[in-house]
Amino acid sequence: MVHHSGSIQSFKQQKGMNISKSEIAKETPLKPSRRSLPCLAQSFAYSKSLSQSTSLFHSTESEPPAHTSVTSVSADKTEQVNPEEDKKDSVLKCSFADLSDFCLGLGKDKDYLDESEHANYDRSRLIKDFVPKDDSESKKRLSKNDMNYIASSGLLFKDGKKRIDYILVYRKSNIQFDKRNTFEKNLRAEGLMLEKEPAVANADIMFIKIHIPWDTLCKYAERLNIRMPFRKRSYYTDPRSKSTGSMHNYFRRLKKWMSQNPMVLDKSAFPDLEESDCYTGPFSRARIHHFIINNKDTFFSNATRSRIVYHMLQHTKYENGISKVGICKLINNGSYIAAFPPHEGAYKSSQPIKTHGPQNNRHLLYERWARWGMWYKHQPLDLIRLYFGEKIGLYFAWLGWYTGMLIPAALVGLCVFFYGIFTMNASQVSKEICKATEVFMCPLCEKNCSLQRLNESCIYAKVTYLFDNGGTVFFAIFMAIWATVFLEFWKRRRSTLTYTWDLIEWEEEEETLRPQFEAKYYKMERVNPISGKPEPHQPSSDKVSRLLVSISGIFFMISLVITAVFAVVVYRLVVMEQFASFKWNFIKQHWQFATSAAAVCINFVIIMVLNLAYEKIAYLLTNLEYPRTESEWENSFALKMFLFQFVNLNSSIFYIAFFLGRFVGHPGNYNKLFNRWRLEECHPSGCLIDLCLQMGVIMFLKQIWNNFMELGYPLIQNWWSRHKIRRGIQDASIPQWENDWNLQPMNIHGLMDEYLEMVLQFGFTTIFVAAFPLAPLLALLNNIIEIRLDAYKFVTQWRRPLPARATDIGIWYGILEGIGILAVITNAFVIAITSDYIPRFVYEYKYGPCAGHFEYGENCLKGYVNNSLSFFDLSELGLGKSGYCRYRDYRGPPWSSKPYEFTLQYWHILAARLAFIIVFEHLVFGIKSFIAYLIPDVPKNLYDRIRREKYLVQEMMYEAELEHLQQQRRKSGHPVHHEWP
C-alpha cells in the first residue's frame, strides 16, 4: 500500500498537479472548445468501468503483478514492456486533434463484426455524441458498402482479411532479383506481411501487396511518436452554458442562415465526417490502457498505416553496406518500378450518391470536390486531409484562401480598369494626341521608317490610359496592403488548421534523417541535442564547400537567363527594320506592335525550354548539398526552382519596364548596340503598352500550358494505358491496385510544382500590378479552374500519394513575403519611371496653366503633350529634308543656346521621381508593418483554448494513471483508496 501511494504521489508531483479535486471543480473555467465537450462528456462513462476497458487488452492471458510489467496488446500475442522504459518516457505533450480518421470508426462500424480478440468490447461506452440520429442509417449504409467494396476491389489479401497498405511493383524480366529477395526478406523480419500476385494485363509485371499487422503498427507508432486518441475524464462544466440568453439564439439563427449559403457544403453529404473531439498523445505500448481502442483495424487510419510502411521501406537494407538501404534507391536502380499506397476504390459509381451514399472516401471526394460542377463550393478540407494527408490538405487550404482573397483585389482592379474606360474620352492627354494632325514624330528606325503623324497613335494612347490613370497609384498601394493582409490572415488560418488537425506539437525534430544523408556521413556522428542520441553529422567545412558550389551553379543559370533575354533584345532590334518594310500593309503600319508580339512569343518558348533544363540542374545541385531531412531537401530544391523560374519569367518584363527606351540618345546621335543596331524606342504613347502586352501574353499562355501539362498530359497517358489493357485482354476483372498502377505517379517533387506555379502567379499579381490592374482578375479566374483541376488530377488521374504531414507551407511563405517586399519597390519604380504619372504631376503644378495657382474648372494638363515633346531639325540628318520633327524627351530645341541638352524640367522630373519612390516605399512599408503588428498570428480565443486544454490533458493523464494503479492494486488484493493521495 505504501509502495503504491508513493508511486501515485510521485507521479502527481512530476505532473505538478498539487491541487485537490474540489479546487478544480470550483475553478471558473474558460469556455471549452466544440471539440472538448463531447470528449469530456464521454469520459465519465469510461471512468465507471475502467476494469472492463482494460480487459479488452488482456482477454487471453491474466495480467501479471503491477510492479513487474504492464501488458500491451497485439492481434496474436501479448508483449511484456519493462516499466523502466515507461519511466524514460517524457511527459506527454498532448494536444487536441480533429481525429476524424479514428472517430469515424467509433460511430459507423456498429454493423461490422470484429474478428479480433476484443470483439465483445462493450460499445455502450463509445462517444454517442458523434453520431446524429438522423444520419445513423446513412452511416450504416456507408460502412457496409465500404467493406463490401474493399473486398471486391482487390484491397485485401487473398484470405479476404488482411488489408493492403502498400504496393510494390517490379518486372519479372529484371535480373536484380537478389536485391529484391534480400529486401523482402528483411521486410518480413521487420514484421511486414507480403503477398505476390501477377498482373492481369501484363505477364511481365508482378505486384507485391504489403500488410502491416497490429504488433508492428504499435511498435513503429511508438518509435515515430505518432499521436493517437486517449481516454479522458470530465473535470469541469461551463456555468455559462446554462444561461445562453438571446445572444445564443441570435447566433443560432445566423448559423442557420449561413448553412443556406450555396457555397457551403451540405453536411448531410458527409456522413463520414462527423466532428470527432478527442485529445491525443504520443502512442506508447506501455501506456496502451490510456488510449481508446474500439477496433484494431480502424484505430490507425489508412494514412498513418501508409506512413509507417513507407518509413520501414525507406530504412530497410537490400544489400550489405551502410548505403544499401531504402526503396528509393531500389527504384532508381530498376529493382522495383513503383511503390505507392492504393486508392480506396473507384471514384465513380453506377448508383447515385444521394440515394445510395458514397462507396468510399475517394468516391465522396470526387462527387463533392473534384467534379467541375462543384466549382463554387467550399472545399472539404477535413476529408482531403484524411485521404491525402496534412501536407496536401494544407496546400489546398492555402490555395482556397489565396483564391478567396483574390476576389477583393480583382474587384478593385476591375474598378480601376472601368474608371479608365469611362474617363478615357475625357482624358486631356488622349484628346491632344488624337487631335495632333500637324505634329510629325521623328523616324523610329534607321532605314525603312518615315515620319509619323502623332494622331496615328490615338488608339495606343487611349489603351495606355486604361492602365495609366488616376487610380493607378491607389491600386498599387492597395495591392501592397492586400499582400500583407493576405499573408497575416493566412498565418491565423494556418494556426487554426494545425490545432484542428493535431499538428500543434508536431515538430521538425520528429523527422527522420534522409537515407542518403545517413549513408554519406555515417562515420561522423555527434549527439543530437534534442534526442540525446548519436546521429550522423555533416561537418561545417563540407557543408560550406557544397553550398558554394551550389550557389555558383545558381548564378551560372541566372546569367544564362540574362543571356537569353539579351538575345531576344537583339532579335527585336534586327526585325523591327524588317517589319517596318513588310509587304502586308497592316504589319507595316503597326510594325512596333508586331515586333513586340513576335518577341513575346519567342521569349515564351525560350522560357519553357529553359525550365526543363532548370529542373534537372536544380535537382543535381540539391542532391549535391546532401540535406539532412526531407523538408530541408524540399526547401532547398524549391528555392532554387523559384529563383530560376522567377528570373526566367520576369527578366524580359524588367527589361521592358525599366530599360526599354531609356538609353536611346536623341535624333542625330542615337546609341547603337555593337555600333550597328539602333536601340529600340518606346511608342509615342509610352512604354506602358509594351509592358502590358508582355505581362498579358506570358501570363495567359503560361496558365494554358500549365493546365494542359497538369491535366491534359496525364489524361492522354492514362487513356493510352487503358487502351493497351483493353487491346491485350478482354472480359477480365482488373483489381484496384492494378488500376492504380495504370495511373500516372505524382511527380517526384511532390507539391513543389503546384506551389511554384501559384507563387509565380502571385508575383505577376503583385509585382507589376500598377502596369496591369487586370492581373488579379485573371489570377482569380485561373485559380477557380486550378482548384478543381488539381482536385480532379489528385482523385482520378494520379496514384494515391504518400499521406505526408506538415505544419505549414514550408519555405513558400518566406518567398511570398519576399515577393510582397519586392512588389512595393517595383510598383514604386513602375509608377515613377515607366508611367507618365510623375511628368504629368510636375507639369500640372510647375509648368502648366495651374502653376502657382489653381482655379476650379481649369484644365491643368492643357498643353502637356506639346510640352513633353522636343524638337529636332531634319536638315541635320543630311537626307534633303527640312523642317522639324518631334521626339519624346525633355531636351533643348535646335535654336537654343544649348541644343539637345537636358532642360531644367528634365531634372525637376527626375528629382520628383526619386522623391516619389522614397515617399511611396516608406509609406507603404510603414502601413504594411503596422498592419502586421495589429494582426496576431494566433487568434486570442485559440491561444487560450490551447493553454487550457494542455492543462486539462495533464489532469486527465494523471487521473487515468491513478485509476490504472488502483485497478492493479485491486487485482493484487491490496485495499483501494478512492480519494486522491
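Residues numbered from 1 in each chain as written. Predicted model: local features only at pLDDT ≥ 70, side-chain atom pairs only at ≥ 80, totals over all residues. Heavy atoms only, no water.

With that out of the way, let us pick up the overall build of the protein chain. When you go through the protein chain residue by residue, the secondary structure sums to 34 helices and 19 strands. By residue count, 53% of the 981 residues in the protein chain fall in the buried class. Restricting to contacts in the protein chain with at least 6 residues of sequence separation, those with at least 24 account for 77%. Here the protein chain has roughly 45600 Å² of accessible surface; of this, 58% comes from carbon and sulfur atoms. (Helix = DSSP H or I, 4+ residues; strand = E, 2+ residues; numbered from the N terminus. Buried < 20%, exposed > 50% of the residue type's maximum accessible area, 1.4 Å probe, protein only. Contact = heavy atoms within 4.5 Å. Areas by Shrake-Rupley, 256 points an atom, 1.4 Å probe, with all protein chains shown as cover.)

The next point concerns the state of the cysteines. One pass over the structure, following the stated rule, counts three disulfides. Between the sulfur atoms of cysteine 442 and its disulfide mate cysteine 885 the distance is 1.9 Å. Between cysteine 442 and cysteine 885, the S-S torsion sits near 85°, and that sign places the bridge as right-handed. One end of the pair, cysteine 442, is in the loop between strand 10 (440-441) and strand 11 (452-453); the other, cysteine 885, is in strand 19 (residues 884-888), and 443 residues separate them in sequence. The same class applies to cysteine 442 as to cysteine 885, namely buried. (Disulfide = S-S within 2.5 Å.)

Right, let's talk about the nonpolar core for a bit. Counting 141 residues, the largest nonpolar core has Trp398 and Trp812 as the members making the most contacts within it. By residue number, the principal contributor to this core is helix 17 (residues 390-422), which donates 15 residues. Residue assignment places this core across two domains, with domain 2 (349-376) and domain 3 (378-519 + 685-847) each supplying three or more. Each residue touching tryptophan 812, except ones within four places of it in the same chain, is listed here: Ala638, Phe642, Met752, Tyr755, Leu756 and Val759. In terms of nonpolar packing, the next biggest core, distinct from the first, is built from 38 residues, Met206, Ala221, Ile308 and Tyr336 among them. (Core = buried A, V, L, I, M, F, W, Y, C linked by side-chain atoms within 4.5 Å. Domains from an automatic or database assignment.)

Before going further, it helps to examine unusual backbone geometry. Phi at asparagine 225 takes a positive value of approximately 60°, unusual for a residue other than glycine. Locating asparagine 225 in the fold gives a position in the loop between helix 9 (214-223) and strand 7 (227-229). The backbone phi angle of tyrosine 626 is positive, close to 50°, even though this residue is not glycine. Position of tyrosine 626 relative to the elements: it lies in the loop between helix 24 (591-625) and helix 25 (630-658).

To continue, consider the UniProt feature "transmembrane region" (unreviewed entry) in the protein chain. UniProt annotation of "transmembrane region" (unreviewed entry) refers to residues 395-422, 472-490, 547-571, 591-614, 642-664, 759-781, 809-833 and 906-935 when read in the numbering used here. Taken end to end, residues 591-614 comprises 100% helix and 0% strand; its first and last C-alpha atoms sit 34 Å apart. Between the C-alpha atoms that bound residues 906-935 there is a distance of 43 Å. The span itself is 97% helix and 0% strand. (UniProt positions renumbered as here; feature names shortened; annotations may be inferred.)

Within the fold, asparagine 603 resides in helix 24. Using a relative accessible area of 4% as the deciding quantity, one classes asparagine 603 as buried. A distance of 2.8 Å separates a polar atom in the side chain of asparagine 603 from a polar atom in the side chain of serine 652. Ignoring any residue separated from it by four or fewer positions in sequence, one finds asparagine 603 in contact with Val568, Ser652, Gln694 and Ile698. (Polar contact = N/O pair within 3.5 Å; in protein donor to acceptor, adjacent residues only side chain to side chain.)

For the rest of this paragraph, the subject is the sheet that holds strand 5 (residues 193-198). Note on sheets: strands pair through backbone hydrogen bonds, and any given pair is parallel or antiparallel. Spatially, the four strands line up as an open sheet ordered 5-6-4-9, and their pairing is antiparallel. Two strands lie at the open edges of the sheet, namely strand 5 and strand 9 (338-340), each paired on one side alone. Here the strands of the sheet are splayed against their neighbours by 20° on average, with no regard to which way each runs. Looking at chain direction, strand 5 and strand 6 (residues 205-211) are connected through six bridges and run antiparallel. (Pairing = 2+ DSSP bridges. Axes fitted to C-alpha atoms, helices over the stretch in contact; angles between N-to-C directions.)

In this fold, alanine 638 is placed in helix 25. It is 7.6 Å that separates the C-alpha atoms of alanine 638 and isoleucine 811, two residues lying 173 residues apart in sequence. The contacts of alanine 638, once residues within four sequence positions are left out, are Met752, Ile811 and Trp812.

With that settled, consider the pattern of salt bridges. As enumerated under the stated definition, the model contains 25 salt bridges in all. The partner of arginine 171 in a salt bridge is aspartate 204, and the shortest N-O contact between them spans 3.9 Å. Of the two residues, arginine 171 is situated in strand 4 (residues 166-171) and aspartate 204 in the loop between strand 5 and strand 6; the sequence distance between them amounts to 33 residues. What makes arginine 171 partly exposed here is its relative accessible area of 34%. Overall, aspartate 204 belongs to the partly exposed group, its relative accessible area being 22%. (Salt bridge = Lys/Arg side-chain N within 4 Å of Asp/Glu carboxyl O.)

This next bit is on the environment of leucine 756. Structurally, the position occupied by leucine 756 is in helix 28 (residues 752-767). Along the backbone, leucine 756 and methionine 641 are 115 residues apart, and their C-alpha atoms lie at a distance of 7.9 Å. Leaving out residues up to four positions away in the same chain, leucine 756 has contacts with Met641, Phe642, Gln645 and Trp812.

It is at 10 Å that the axes of helix 20 (residues 472-500) and helix 30 (residues 811-834) come closest, and there the two elements cross at 170°. Of the possible angle classes, the one that applies to helix 20 and helix 30 is roughly antiparallel. Across from Thr472, Val473, Ala476, Ala480, Leu487, Glu488, Trp490 and Lys491 in helix 20, the residues of helix 30 making contact are Tyr813, Leu816, Glu817, Val824, Asn827 and Ile831. Its residues assigned to classes, the contact of helix 20 with helix 30 comprises nine nonpolar, two polar and three charged. (Parallel < 35°, antiparallel > 145°, perpendicular 65-115°, else oblique. Nonpolar A, V, L, I, M, F, W, Y, C, P; charged D, E, K, R; others polar.)

With that settled, the discussion passes to helix 15 (residues 361-370). With 10 of its 10 residues buried, helix 15 lies for the most part within the structure. Contact partners of the buried residues in helix 15: helix 14 (353-356), helix 16 (381-388), helix 17, helix 27 (736-741) and helix 29 (775-797). At the N-terminal boundary of helix 15, the capping side chain belongs to asparagine 360, with an oxygen 3.0 Å from the backbone nitrogen of arginine 362.

Right, let's talk about the packing of aromatic side chains for a bit. What the rule picks out here adds up to 59 aromatic pairs. Note on tryptophan 375 and tyrosine 376: the rings are 5.7 Å apart at their centroids and 75° apart in plane angle, and the pair reads as edge-to-face. Between tyrosine 614 and phenylalanine 644 the ring centres are 5.3 Å apart and the planes differ by 40°, which places this aromatic pair in the tilted class. Note that tyrosine 614 is positioned in helix 24 and phenylalanine 644 in helix 25, a separation of 30 residues in sequence. For the residue pair tyrosine 614 and phenylalanine 644, the accessibility class agrees, reading buried in each case. Taking NZ or CZ as reference, arginine 223 lies 4.6 Å from the ring centre of tyrosine 220, over its face. Cation over ring: arginine 886 sits above phenylalanine 871, and NZ or CZ is 3.8 Å from the ring centre. (Phe/Tyr/Trp six-rings, centres within 6.5 Å; stacked < 30°, edge-to-face > 60°. Lys NZ or Arg CZ within 6 Å of the ring centre and 35° of its normal.)

Before going further, it helps to examine helix 25. Given 3.6 residues per helical turn, the α-helix brings residues three or four places apart onto the same face. With 29 residues, helix 25 extends 40 Å from end C-alpha to end C-alpha; this agrees with the ideal 42 Å at 1.5 Å per step. Of all bends in helix 25, the biggest is about 40°, found at asparagine 650. Counting buried positions along helix 25 yields 22 of 29 residues, so the element is predominantly enclosed. (Expected span 1.5 Å × (residues − 1). Bend = angle between axes of the 7 residues up to and from the residue.)

Orientation of helix 20 relative to helix 33 (residues 904-934), taken along the N-to-C sense of each, is 30°, at an axis distance of 9 Å. Our classification of the angle between helix 20 and helix 33 gives roughly parallel. Where helix 20 crosses over helix 33, the two elements pack in a sense that is right-handed. In this structure, helix 20 uses Val473, Ala476, Ile477, Ala480, Ile481, Thr484, Val485 and Glu488 to contact helix 33, whose residues at the interface are Phe916, Phe920, Val924, Ile927, Lys928, Ile931 and Ala932. Of the residues in the contact of helix 20 with helix 33, the class split is 12 nonpolar, one polar and two charged. (Left-handed = near helix turned anticlockwise from the far one by under 90°.)

Our next topic: a nonpolar patch on the surface. Residues Tyr847, Phe902, Leu904, Trp907, Leu910 and Leu914 make up a contiguous nonpolar surface patch of about 560 Å² in total accessible area. Looking at the nonpolar patch element by element, the count peaks at four residues for helix 33. Within the element layout of this structure, phenylalanine 902 appears in the loop between strand 19 and helix 33. (Patch = residues over 30% accessible without salt bridge, like charges linked within 9 Å, V, L, I, M, F, W, Y side chains within 5 Å.)

Moving on, we get to the environment of lysine 348. Relative to the elements of secondary structure, lysine 348 occurs in the loop between strand 9 and helix 14. C-alpha of lysine 348 to C-alpha of arginine 362: the two residues are 14 residues apart in sequence and 8.7 Å apart in space. Apart from the residues lying within four places of it in its own chain, the contact partners of lysine 348 are Gln359, His363 and Tyr366.

Another point: the confidence of the model for the protein chain. The predicted model of the protein chain has a mean per-residue pLDDT of 75, with 74% of residues at 70 or higher. The spread of mean pLDDT over the elements of the protein chain runs between strand 1 (residues 70-73), the lowest at 32, and strand 6, the highest at 93. pLDDT under 50 marks residues 233-244. Its contacts with residues more than four places away, or in other chains, come to 27 contacts. (pLDDT = per-residue confidence, 0-100.)

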